[in-house]
Amino acid sequence: KVMDQLFGVHQLEKHLANHFGIARCVISAGDSDRQEKVVKNFGESLNESLDLLLPEGKNIIAVMGGTTMAQVAECLTNLESDKRHNLFVPARGGIGEALTVQANSVSAMMAMRSNGEHRALYVPEQLSSDTYRSLMKEPSILEVLNLISQANCVIHSIGRALHMAARRKMSEKEILMLKQANAVAESFGYFFDEAGKVVYKVPRIGLQLKDLQTVPLILAIAGGKSKAKAINAYMQNAPKQTWLLTDEAAANEILKGE
Ligand code: F6P
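Quick notes on the rules
Residues numbered from 1 in each chain as written. Predicted model: local features only at pLDDT ≥ 70, side-chain atom pairs only at ≥ 80, totals over all residues. Heavy atoms only, no water. Salt bridge = Lys/Arg side-chain N within 4 Å of Asp/Glu carboxyl O. Helix = DSSP H or I, 4+ residues; strand = E, 2+ residues; numbered from the N terminus. Pairing = 2+ DSSP bridges. Contact = heavy atoms within 4.5 Å. Axes fitted to C-alpha atoms, helices over the stretch in contact; angles between N-to-C directions. Disulfide = S-S within 2.5 Å. Buried < 20%, exposed > 50% of the residue type's maximum accessible area, 1.4 Å probe, protein only. Near = heavy atom within 4 Å. Polar contact = N/O pair within 3.5 Å; in protein donor to acceptor, adjacent residues only side chain to side chain. Areas by Shrake-Rupley, 256 points an atom, 1.4 Å probe, with all protein chains shown as cover. 1 Å grid on protein atoms, 1.4 Å probe; cavity = no way out; pocket = protein on both sides within 12 Å on 5 of 7 lines; lining within 4 Å. Sits in = over half its atoms within 2 Å of the grid points. Nonpolar A, V, L, I, M, F, W, Y, C, P; charged D, E, K, R; others polar.

Asker: Mind laying out the pattern of salt bridges, listing which residues take part and the relevant values?
Answerer: Inspection of the entire model under this criterion finds 11 salt bridges. One salt bridge in this structure joins E74 and R113, with 2.7 Å as the shortest N-O distance. Separated by 39 residues along the polypeptide, E74 in the loop between α3 (67-73) and β3 (84-90) and R113 in helix α4 (residues 103-114) bring together distant segments of the chain. Note that R133 and D130 form a salt bridge whose closest N and O atoms lie 3.0 Å from each other. You can see R133 and its partner D130 sitting in helix α5 (residues 129-135), 3 residues apart, about one turn around the helix. Where salt bridges share partners, they join E117, R119 and E143 into one cluster.

Right under this line is the structure:
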């Protein structure tokens with residue numbers, strides 16, 4: 001019975017990876033919408049994947065925020081060795097989230113759990129363009145931006161467009177625009193329609209979507225039946241080297257529409 005189930009999940013993983021044309025899918029049993037423990041499993045899968053994939057030498061790992069990211073961060077264990085050293089940085093400047101789920105907090109937690117290092121990027125939410133320009137000359141900010149641009153690993157989540165717009169308190173006007181553009185997914189501060197086309201971008205410093213293409217290692221973590229549409233949309237055009245860590249509920253819902 002256990003072997004049957006494993007076989008089934010492996011088939012599903014292959015099927016989903018083929019569906020998106022990406023490197024790999026790792027599927028946890030269950031539905032993370034309804035079972036807390038599924039998110040813990042994402043964390044364990046992430047830990048194992050990082051341990052397997054991160055090369056020796058100095059790694060720079062850029063991470064996004066969100067509740068999924070905050071929870072999986074807690075699950076990391078030692079990823080350091082004599083030969084491997086990891087530095088965690090937030091992938092982009094603040095994008096209007098509560099403190100505990102901000103990329104800075106996620107990066108600090110990941111570093112703490114995995115015995116690595118981290119750097120924070122302190123950029124306020126609302127900036128006049130003058131302040132922005134002078135901040136861009138700040139050595140401490142430039143240093144972190146430089147690290148982000150050298151990241152060889154990116155870890156992120158995927159959210160539902162309108163849910164994220166509301167959570168970030170975007171304006172009525174922006175929300176209306178997102179609706180008119182049929183935005184269904186959000187990741188990295190970009191909004192995507194069902195075909196995976198970018199329909200809107202929240203301007204922020206740090207990692208830009210086009211920079212992802214040349215990052216050797218990308219892990220996307222998102223699950224739950226409620227996120228199936230968003231995951232499907234974003235993954236259409238995701239870089240092919242992406243590993244998707246998701247759950248059965250999302251996978252089945254996505255493949256149902258095939
Ligand atoms: O705001 C950061 C972010 O990673 C978004 O890009 C993404 O849509 C969202 O968080 C996912 O949040 P959650 O894990 O809470 O669904």
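Asker: Tell me about the sheet that holds strand β7 (residues 183-187), and please be specific about residues and values.
Answerer: Neighbouring strands of a sheet are bound in pairs by backbone hydrogen bonds; such pairs are parallel or else antiparallel. As summarised here, the arrangement of the 4 strands in space is β6-β7-β8-β9, forming an open sheet in which the pairing is antiparallel. The open sheet is flanked by β6 (159-160) and β9 (198-201), the only strands paired with a single partner. With 3 bridges joining them, strand β8 (residues 190-193) and β9 adopt antiparallel strand pairing. When the bridges of β9 are listed, Y190 appears paired with K201. Along the sheet, helix α8 (residues 172-180) makes contact with β7, β8 and β9, crossing β9 at roughly 170°.

Asker: Please give an account of the state of the cysteines that cites residues and values.
Answerer: Summed over all chains, the structure comprises 0 disulfides. The cysteine C25 is free of any disulfide, with C153 supplying the nearest cysteine sulfur at 17 Å. Under the relative-accessibility criterion, C25 is labelled buried at 2%. In this structure C153 is not part of a disulfide, and its nearest cysteine sulfur, from C75, lies 16 Å away.

Asker: Give me the lowdown on the site of the ligand, citing residues and values where you can.
Answerer: Around the ligand there are 16 residues in total, and T67, T68, E97, E186 and K227 lie nearest to it. Within the side chain of T68, one N or O atom sits 2.5 Å away from an oxygen atom of the ligand. Between the ligand and the protein, one listed contact pairs an oxygen atom with a side-chain N or O atom of E97 at 2.6 Å. Alone, the ligand offers 400 Å² of accessible surface; in the complex the protein occludes 97% of this. A majority-of-atoms criterion places the ligand in the largest pocket. Broken down by secondary-structure element, the contributors of at least two residues to the shell around the ligand are α3, α7 (161-167) and β7. Partitioned by chemical class, the residues of the shell around the ligand number 4 nonpolar, 7 polar and 5 charged.

Honestly, that's just the spatial picture; any functional story needs more than this.
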